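Chain residues, written in single-letter form:
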Amino acid sequence: MVGILRAGLVSILCVIGGMAAARTLAPVKVGQSAAAYTADITACETMVRAWPLDAITDLPPPVGGAEPINRFYQFRGQGLLPEWVAFEIDRQDNARLARFCLKGRGYAMVALDRREAAEFAASKDTAGRAAWLEHFSAADLTARIDASRDTLAPLPPAPYAPFAIGALRVDPNSLNLAGGAVAAKGAVVTGKVGHRLTARLQAPFTFLTVRVEPGAEFMAFVAPAPWSDALSPATTTWCTRVKQAAHIGPLSLAMLPNLIWCFRDDEQGYGAYGAGREGGDWLPTTIMTGHWAMSGPIELAIDDKDEIGPLDLVLVVEKVTDKKVTLTAKVTQTGDKPAIVWRGAEAFDPNGRAFLPFWTKSLVLTRDGAGVTARWEAGDGRGWVDQPAK
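Residues numbered from 1 in each chain as written. Predicted model: local features only at pLDDT ≥ 70, side-chain atom pairs only at ≥ 80, totals over all residues. Heavy atoms only, no water.

Chemist: Run through the side chain of serine 137, naming residues and quoting values.
Modeler: Inspection of the secondary structure assignment puts serine 137 in the loop between α5 (126-136) and α6 (142-148). Judged by its relative accessible area of 2%, serine 137 falls in the buried class. A distance of 2.8 Å separates a polar side-chain atom of serine 137 from the backbone oxygen of leucine 133. (Helix = DSSP H or I, 4+ residues; strand = E, 2+ residues; numbered from the N terminus. Buried < 20%, exposed > 50% of the residue type's maximum accessible area, 1.4 Å probe, protein only. Polar contact = N/O pair within 3.5 Å; in protein donor to acceptor, adjacent residues only side chain to side chain.)

Below is the structure:
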C-alpha cells in the first residue's frame, strides 16, 4: 500500500509540474486551408481515441476481461488517484499522441505566446481551431517553425517487430508445447526471450540527483497495444537500471535504490519516467504516468548484444472454464521472481477451441476436461496484443 500511495503522489506531482511547465503548441503547415486542417486534426484525434491504451500505465485493456497485469492499471477505480488528475493525465497524453500523429503528416508544432494561446483556446471545436490556424499560418512563420525543430537528437526508434511485446522479443525457434492436457497453473508453452532492442549510453548525463555513466545498457519499451504506424513510435521509451545514492527530501518519494528509469522524447527535450517494478531491475513491464522534464542530451548507440538477457518465457494456463481459458505470460531471470508481461482470456468456440495469435503461428487450445491440449497452426501475423479487449 505504501508503494501505491508513493506512486500516486509522484504521479500527481509530475502532472502538476507538467501543467505548470507546459507551453501551448499549435500544429502549423504553411498555406494549409481550414478544411485541410480540419481533416488532419479530426483524423489524428479519432485515431488516438480509438487506440486502446491506458495513459496511466501505457497498457491496453486486458484481452477478454482478464485481470490487468499491473495494479496501477485501475488506479482511478481504486480511488487512489483524484479524478481531476486522471482527467489531466488522459488529456495530456491524448494531446501528445495527436501532435505526434500530425508531425507525421508534415506539421510543425509552433509555441504560441500568451495572447495567441488564449485565442487558440477560445476556439471550442475543431472547425474553430482550424479557422484560427488558417489565419495564423498565413503569416510569415519561417523563424518560428525553425525554432520549433528538435534541438536535441531524438532517441532511436524501436520499429515494429514480430514476436515483440513491450520490452521483450520472443525467440520463435525456442518455443515448446506441453504434451497432453494442461490443467490450471500448468505451463502450456515455454521458450526463450530477449530484450526487444538494446543500446549503450555514449556520454554521461544527469537527472534529478542521478548520474548515468557511459556504457550503461538501455532497453527499449514500446506500448504493447495493436501496432499503429502513426502512434506506436511515440511510445518508444528507453529504460536503464539506476542506482540512487542515499538522500533525503521530497525527491526520496520518487527515487529508491536500484530502480528502472525510462526516457522518452518530449516536445521540450526528454521526459524521465518510472517503470513498473514487476521485472525487478532487468525488465520494464509498464511505464508509469507523469514525468520529470530534462534537457539531455541522451546519446545512445544500438547494441547488437543483449547483455541483460537471456530470459525464460512460460505461458501458464491460469484458469479454464466452460467459456474461456485465461493465460498468463511470465518471464524469469535466474534467481529472481517472475514478471508477468501479458494476461488474456481467450473464448472457446462451439467446438471447444480457443485461439491465441502468436505472430507467424496460432496457438490452438482445445478444452480437455479441466484443462486444455495445445497444437500449432499457421498464423496470420497478429500477436497477443493485436486482439480486441472484449
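Chemist: Let's hear about the sheet that holds strand β20 (residues 361-368): which residues, and what values?
Modeler: Taken together, 3 strands build an open sheet; the order of strands is β19-β20-β21 and the sheet is antiparallel. At either margin of the open sheet sits one strand with a lone partner, and together these are β19 (353-358) and β21 (371-378). Neighbouring strand axes in the sheet, compared pairwise and without regard to direction, differ in orientation by 25° on average. Judged from the 8 bridges that link them, β20 and β21 form a sheet pairing that is antiparallel. Looking across to β21, one finds that leucine 363 is bridged to tryptophan 376. (Pairing = 2+ DSSP bridges. Axes fitted to C-alpha atoms, helices over the stretch in contact; angles between N-to-C directions.)

Chemist: I'd like a description of the sheet that holds strand β13 (residues 269-274), backed by residues and values.
Modeler: Read across the sheet, 7 strands follow the order β14-β13-β12-β11-β10-β7-β15 without closing on themselves; strand pairing throughout is antiparallel. Only two strands of the sheet have a single partner each, and these edge strands are β14 (292-294) and β15 (300-303). For this sheet, the mean inter-axis angle between neighbouring strands, taken without regard to orientation, is 35°. Alignment of β13 against β14, held across 3 bridges, turns out to be antiparallel.

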